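Understanding the architecture of this molecule
Residue strings, one per chain:
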Amino acid sequence: MIVSSALMIWKGLIVLTGSESPIVVVLSGSMEPAFHRGDLLFLTNFREDPIRAGEIVVFKVEGRDIPIVHRVIKVHEKDNGDIKFLTKGDNNEVDDRGLYKEGQNWLEKKDVVGRARGFLPYVGMVTIIMNDYPKFKYALLAVMGAYVLLKRES
């Protein structure tokens with residue numbers, strides 16, 4: 001029941017926000033001081049909204065599993081409406097061309113997972129701790145399982 005409710009809420013957020021992943025955790029310090037490692041970001045991705053320089057976007061690059069959170073620094077808009085843009089982490093020295101797939105110099109709208117609209121500081125640290133320390137994840141699952149079993153009996 002709880003799992004199905006959580007799944008329904010997640011799917012509802014996907015529909016409401018237009019983003020395949022409406023909530024993401026910042027995994028590195030590349031966006032400091034704007035966002036820190038462990039901050040939880042809330043995303044929207046409405047296709048009709050134009051991408052502008054200065055916006056913080058979450059994008060996926062072919063060949064990488066984990067989305068990247070960086071700021072748009074340059075936008076090129078063609079007469080036919082096609083938009084290409086370049087990103088960079090606020091705390092990085094160079095732009096993200098080195099992160100894009102081989103031969104790719106610009107991102108397109110299809111690469112965008114969402115745009116940051118709000119955040120909760122450090123709430124995502126639980127996710128980072130569980131990924132960095134798998135034993136902690138299993139211990140937490142065991143405690144939750146024990147709680148569910150013992151709660152039913154009382």
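Residues numbered from 1 in each chain as written. Predicted model: local features only at pLDDT ≥ 70, side-chain atom pairs only at ≥ 80, totals over all residues. Heavy atoms only, no water.

Per an unreviewed UniProt entry, the recorded name for the protein chain is Signal peptidase complex catalytic subunit SEC11, and the organism is Rousettus aegyptiacus. Per UniProt, the comment on the protein chain under Catalytic activity (unreviewed entry) is "Cleavage of hydrophobic, N-terminal signal or leader sequences from secreted and periplasmic proteins." (UniProt positions renumbered as here; feature names shortened; annotations may be inferred.)

Attention now moves to the domain arrangement of the protein chain. Parsing the protein chain into structural domains produces domain 1 (1-120) and domain 2 (123-153). One C-alpha centre belongs to domain 1, the other to domain 2; they are set 28 Å apart. Of the residues lining the interface, seven residues belong to domain 1; the matching set on domain 2 comes to six residues. Carbon and sulfur atoms make up 68% of the area that domain 1 and domain 2 hide from each other, which totals about 520 Å². Ranking the residues of domain 1 by area buried against domain 2 places Val25, Arg37 and Gly38 at the top, with a combined share of 67%. At the boundary of domain 1 and domain 2, one finds one salt bridge. Between Asp132 and Arg37 there is a salt bridge, with its nearest N and O atoms 3.3 Å apart. The tally of links from domain 1 across to domain 2 stands at three residue pairs in polar contact (both at pLDDT 80 or more). Its residues assigned to classes, the side of domain 1 that touches domain 2 shows five nonpolar, one polar and one charged. (Domains from an automatic or database assignment. Contact = heavy atoms within 4.5 Å. Buried area = accessible area lost by both parts, 1.4 Å probe. Salt bridge = Lys/Arg side-chain N within 4 Å of Asp/Glu carboxyl O. Polar contact = N/O pair within 3.5 Å; in protein donor to acceptor, adjacent residues only side chain to side chain. Nonpolar A, V, L, I, M, F, W, Y, C, P; charged D, E, K, R; others polar.)

One pass over the structure, following the stated rule, counts two aromatic pairs. Plain terms: the ring middles of Phe35 and Phe119 are 5.1 Å apart, the flat faces sit at 75 degrees to each other, and that makes the pair edge-to-face. Here the residue Phe35 occupies a position in the loop between β1 (23-25) and β2 (40-44), and Phe119 occupies one in strand β7 (residues 112-120), the gap between them amounting to 84 residues. Ring geometry for Phe59 against Tyr100: centres 6.1 Å apart, planes inclined by 80 degrees, an arrangement best described as edge-to-face. With Phe59 in strand β3 (residues 56-59) and Tyr100 in the loop between β5 (83-88) and β6 (107-108), the pair connects residues that are 41 residues apart, well separated along the chain. The burial state of Phe59 is the same as that of Tyr100; both residues are buried. Between the NZ or CZ atom of Arg97 and the centre of the ring of Trp106, over which it lies, the distance is 4.9 Å. (Phe/Tyr/Trp six-rings, centres within 6.5 Å; stacked < 30°, edge-to-face > 60°. Helix = DSSP H or I, 4+ residues; strand = E, 2+ residues; numbered from the N terminus. Buried < 20%, exposed > 50% of the residue type's maximum accessible area, 1.4 Å probe, protein only. Lys NZ or Arg CZ within 6 Å of the ring centre and 35° of its normal.)

Bringing the side chain of Asn45 into the picture now. Here Asn45 lies in the loop between β2 and β3. Within the structure, Asn45 has its side chain in polar contact with the backbone oxygen of Val113 (distance 3.5 Å).

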